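# Structural description and commentary
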Amino acid sequence: MSDQPATIEDYLDENRKFPPPADVAARSLWIQDGIDALAEGSSEEFWAAQARALVTWRKPFTEVLDWQVPNAKWFADGTLNVAENCLDRHVTAGMGDKVAYHWEGEPGDTRTITYAELRDEVAKFANVLKGLGVGRGDRVAVYLPMIPELPVTMLACARIGAVHSVVFGGFSANALADRIDDSDCKVLVTADGGWRRGKAALLKPAADEAVERTSTIEHVVVVRRTGASGDDTEISMTAGRDHWYHDLMADASTDCACEEMGAEDLLYLLYTSGTTAKPKGVMHTTGGYLTQVAFTHRYVFDIHPDDIYWCAADVGWVTGHSYIVYAPLANGCTSVMYEGTPDHPGKDRFWDIIERYGVNVLYTAPTAIRTFMKWGIEEPAKHDLSSLRVLGSVGEPINPEAWMWYHTNIGGERCPIVDTWWQTETGGIMVSPIPGVTTTKPGSATFPLPGISVEIVDEAGNKVERGGGYLTITEPWPSMLRGVWGDPERFFDTYWSRYPGRYFVGDGAKIDDDGYYWVIGRVDDVMNVSGHRISTTEVESALVSDPRVAEAAVVGATDATTGQAIVAFVTPKGDTEWTESLGEELRRHVADEIGKISRPKTIIFTDDLPKTRSGKIMRRLLRDVAEGRDLGDTTTLADPGVVEEIRRRAEDGGPTTAE
Ligand code: WT7
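For the structure given in this document, a descriptive report is provided here. Sequence positions are assigned chain by chain, starting from 1 and proceeding in written order. Given that this is a predicted model, residues contribute local features only at a pLDDT of at least 70 and side-chain atom pairs are listed and counted only at 80 or more, while totals for whole chains, interfaces and linings are drawn from all residues. Side-chain measures were taken over the full set of non-hydrogen atoms in the model, leaving aside hydrogen atoms and water.

Now for the overall build of the protein. Secondary structure assignment for the protein yields 23 helices and 31 strands. Overall, the protein is about 70 × 65 × 55 Å in size when its C-alpha atoms are taken along their principal axes. Relative to its 659 residues, the protein shows a buried fraction of 61%. Residue exposure ignores everything except the shown protein chains as possible cover, and the areas themselves are Shrake-Rupley values with a 1.4 Å probe. When the accessible surface of the protein is split by element, carbon and sulfur atoms take 47% of a total near 23900 Å². Here the positive residues are Lys and Arg and the negative ones are Asp and Glu; neither His nor the chain ends is included. Every charge is mapped onto a representative atom, which is NZ of Lys, CZ of Arg, CG of Asp or CD of Glu. With 64 positive and 100 negative side-chain charges, the protein shows a separation of 0 Å between the mean positions of the two kinds. Helix and strand labels come from DSSP, where a helix needs a run of H or I of at least four residues and a strand needs a run of E of at least two; each type is numbered from the N terminus. Each residue is placed in one exposure class: buried if its accessible area under a 1.4 Å probe, protein chains only, is under 20% of its type's maximum, exposed if it is over 50%, and partly exposed if it falls in between.

Structure follows, in structure tokens:
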């Protein structure tokens, strides 16, 4: 855990400052709503005020926080329904004709969905789910592309008090099956496929495979997406188990009451990778979650009533859950939702979308920004991006160079950049600048939001006032995870045991002389590839599940575009030949086991792995080796020289042998 990424010093050299632009400050909601003054009181009072201002309660809460480490309860005696907050209350307030989503499919097809239409579709699908036997507390697995039926399914679950577990469409059948099993999902909602880079990427075959391996799925609902827009692949439907979404919806009623839920009732599960091979089912509940995501969305992006907002993440990750679905809808905001990749049909697809819809606020990831940098400024230059007012970044540290490029070429030097730090577990944004208020520094997430208590500590748990250490959170926050599904011990051990009473984030961070926070990256065995969290152990265990592999060690090596790239050191068994095709097969095997995002970029064969005396793999040393090499994209290096090199470096001493 003493691994501190070498880049820490690079960040500290960054001294450029960008004061809030006067025109943004002049209309800042933060200033208008007097948030600074509110923030002077206690955190509990602050969040209670936000919960009353931004959320509609059926029964108002009288209790704010009940905190017994590690269990937090926020607004526990209040009741509400999240779907009612996101839809019905806006329709009732006369906003039914306001657009909720400007949805755009990759092939160019579009759907404009108003709040009234979305409310009706959600109510209908809620009735469909009920008809399939889904009730309060039941888990529904969701494996869908970026189509409107994805938010519809999530909100339909919320409406009837069911719990959704969305699995990103890039995960494999195996990964889906594990997640279905872990929480005993009753129904699976999927699609024939979605469009990616001009091709139909099918989901139903993987969904079938997953369902076959599990025992709890009673019904599968299938949205017809690719089949309805040009793909003629035959989709097999199992009679009695599988149903087309459009058939079930044809005579569903729009009359469906919202269940009255307790503030601490489970809203959803979202699996994320930890330091073991088994992903954790992160639990998010109702009232506190909605309060914090609505608050952060309103003020971090300074969302005004007529804004067009676009979060370009995938709903399959927490960014999409909180900032494509729940927060923008709770705030009655108009969003753009896009199905496909940024390079189809051209590398200017994002800028084209921004121009056509007049997007005011864009929220994307550093890895995307670095990709756009590679494609060149001529792509954004083809379009009028003058509608943009605020730019967001999330998922990994943004390097100052990418920040400057974003600021200059996308923001036209006039848009504040909000570098938002948070995690699946935090549910909502925790550390971020406020547009029109905060002076930013490229690469720094600046300061914790009000009501959020962040501290950096050293190895021993002492507070670090200036300098580097581990990021911790000292007080519960409303959208905090409430547990790990089925594993309270793991919840405690992972987050609450290292520094008693504090939440251990797993990120290294620095606080500079001006008090700015710089989040550097993970300090545990977790990689961050294109903003996606991947466990080294999970990839290692996928590799050793191939009978030809004796041992494997996986590291995240610095990569100019994706942040980190997965490099696997593999020791094949006995006389297995170290061939390129073995490397290829192993890469494919990992993709089958987990998903394409977890496929190693490079596999390096070695007949030995460097270990400490206690048998722990010295990943830091392997990372040095990986980063010192010119690593190809798919090339498999069957490289006997590696071991020699590893041995030599280990003998040289240095930080890597100290462990
Ligand atoms: C990890 C959480 C937040 C939603 C998407 C990722 C890294 C996230 C930042 C940022 C530096 C960041 C951290 C964190 N991270 N945002 N602005 N600056 N690092 O959610 O998959 O749960 O990953 O992403 O390492 O722990 P996630």
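Once you've had a look at it, read on.
Let us now look at the packing of helix α15 (residues 366-375) against helix α17 (residues 400-410). When two helices pack together, their arrangement is captured by the angle between the axes and the distance separating the axes. Here an axis means a line fitted to C-alpha atoms, over the contact stretch when the element is a helix, while the angle between two N-to-C directions is reported on a 0 to 180 degree scale. Interhelical geometry of α15 versus α17 gives an angle of 70° and a closest axis separation of 10 Å. Looking at the two axes, α15 sits roughly perpendicular to α17. Note on packing geometry: the crossing formed by α15 with α17 is left-handed. For the pair α15 and α17, the contacting residues are I369, R370, F372 and M373 in the first and E401, A402, W405 and Y406 in the second. Charged means Asp, Glu, Lys or Arg here, nonpolar means Ala, Val, Leu, Ile, Met, Phe, Trp, Tyr, Cys or Pro, and polar covers whatever is left, Gly included. Residues that form the contact of α15 with α17 fall into these classes: six nonpolar, no polar and two charged. Roughly parallel here means an angle under 35 degrees, roughly antiparallel means over 145, roughly perpendicular means 65 to 115, and every remaining angle is called oblique. Put simply, a crossing is left-handed when the front helix is turned counterclockwise from the back one by less than a right angle, and right-handed when it is turned clockwise. A contact between two residues is defined here by any heavy atoms of the two lying within 4.5 Å.

Following V69, the chain continues into P70 via a peptide bond in cis, with omega recorded as 0°. The residue after H344, namely P345, is reached through a cis peptide bond having omega -5°. Position of P345 among the secondary structure elements: in the loop between β17 (334-338) and α14 (349-357). With phi around 50°, R197 is a residue other than glycine that occupies positive phi space. By secondary structure assignment, the location of R197 is in the loop between β9 (193-196) and β10 (199-202). Despite not being glycine, E413 has its phi angle at roughly 60°, a positive value. Among the structural elements, E413 can be located in the loop between α17 and β20 (417-420). In this structure E413 comes out as exposed when scored by relative accessible area, which is 54%.

Moving on, we get to empty space enclosed by the protein. Within this scheme a cavity is a closed region of a 1 Å grid, computed over the protein atoms alone, that accommodates a 1.4 Å probe without allowing it to escape, whereas a pocket is open but has protein on both sides within 12 Å along at least five of seven lines; lining residues each have an atom within 4 Å of a point. Grid points are joined across faces, edges and corners, and a volume is the space filled by probe spheres set on the points. Counting across every chain of the model gives four cavities of 30 Å³ or more. Size it by volume and the largest cavity reaches roughly 60 Å³. Lining the largest cavity, in full, are N81, V82, C157, A158, G161, A162, M261, L266, L267 and T286. Secondary structure elements with two or more residues in the lining of the largest cavity: α8 (149-160) and β14 (266-272).

So, about the sheet that holds strand β22 (residues 467-473). Spatially, β21-β22-β24-β25 is the arrangement adopted by the four strands of the open sheet, whose pairing is antiparallel. Because the sheet does not close on itself, it has two edges, and the strands there are β21 (454-457) and β25 (517-522). Shown here is a sheet whose adjacent strand axes are inclined to one another by a mean of 45°, direction ignored. In this analysis, strands are considered paired if DSSP registers two or more bridges between them.

We now examine the pattern of salt bridges. Any Lys or Arg side-chain nitrogen located within 4 Å of an Asp or Glu carboxyl oxygen qualifies as a salt bridge. Under the definition given, this model contains 42 salt bridges. Between D514 and K17 there is a salt bridge; the shortest N-O distance is 3.3 Å. Within this pair, whereas D514 is found in the loop between β24 (503-511) and β25, its partner K17 is found in the loop between α1 (8-12) and α2 (22-26), the two being separated by 497 residues in sequence. Members of the salt-bridge network, linked through shared partners, are K17, K441, D512 and D514.

On to the nonpolar core, then. Generally speaking, a soluble globular protein has its nonpolar side chains buried in company with each other. Side-chain atoms within 4.5 Å are what join buried Ala, Val, Leu, Ile, Met, Phe, Trp, Tyr and Cys residues into a set we call a nonpolar core. Ranked by size, the top nonpolar core spans 117 residues in total, and within it F75, L118, F125, F301, Y323 and Y326 carry the most contacts. Not counting residues up to four positions away in its chain, the partners in contact with Y326 are V82, C86, M154, L155, A158, H164, L267, Y268, Y289, L290, V293 and H321. With 41 residues, the next largest nonpolar core counts L203, I217, V222 and L543 among its residues.

This next bit is on the layout of surface pockets. Approximately 270 Å³ is the volume found for the second largest pocket. Considering the residues around the second largest pocket, the lining is formed by 19 residues, among which T275, D493, T494, F504 and D524 are closest to the centre. Among the elements of the structure, α18 (488-495) and β24 are those that each provide at least two residues to the lining of the second largest pocket. Top contributing element to the lining of the second largest pocket by residue count: α18, with four residues. Here the lining of the second largest pocket is composed, by residue class, of four nonpolar, seven polar and eight charged.

Neighbouring the ligand are 17 residues; D419, T420, T424, D507 and R533 lie closest to it. Polar contacts here mean pairs of N or O atoms no more than 3.5 Å apart (in protein, one a potential hydrogen donor and the other a potential acceptor; neighbouring residues in sequence count only if both atoms are side-chain atoms). One of the backbone nitrogen or oxygen atoms of P397 is found 3.4 Å away from a nitrogen atom of the ligand. Isolated, the ligand exposes 560 Å² of accessible area, and the fraction of that covered by the protein chains is 96%. Counting residues per element, the ones that place at least two in the shell around the ligand are α13 (318-330), β20 and β25. Considering only residue class, the shell around the ligand consists of six nonpolar, six polar and five charged. One heavy atom within 4 Å of a molecule or strand is enough for the residue carrying it to be called near that molecule or strand.

Turning our eyes to something else, we now look at the packing of aromatic side chains. For Phe, Tyr and Trp, rings pair up if their centres lie within 6.5 Å, where Trp contributes its six-membered ring, and each pair is then called stacked (planes under 30 degrees apart), edge-to-face (over 60) or tilted (otherwise). Tallied over the entire structure, the rule returns 40 aromatic pairs. Both rings, one in W30 and one in F295, keep their centres 6.5 Å apart while their planes meet at 50°; by these two values the pair is tilted. Placement of the pair is W30 in helix α3 (residues 29-32) and F295 in helix α12 (residues 287-300), with a sequence separation of 265 residues. For the pair formed by W30 and F295, the shared burial category is buried. Ring geometry for Y268 against Y289: centres 5.3 Å apart, planes inclined by 90°, an arrangement best described as edge-to-face. On the criterion of sequence distance, the pair formed by Y268 in strand β14 and Y289 in helix α12 is long-range, its members being 21 residues apart. Taken individually, Y268 and Y289 each receive the classification buried, so the pair is uniform in this respect. Grouping aromatic residues by their ring pairs yields a cluster made of W67, W477, F491, Y495, W496 and Y503. For a Lys NZ or an Arg CZ to count as sitting over a ring, it must be within 6 Å of the ring centre and within 35 degrees of the ring normal. For K441, the ring lying beneath its charged end belongs to Y516, and the centroid distance is 4.4 Å. Positioned above the aromatic ring of Y470, the side-chain terminus of R498 is 4.8 Å from the ring centre.

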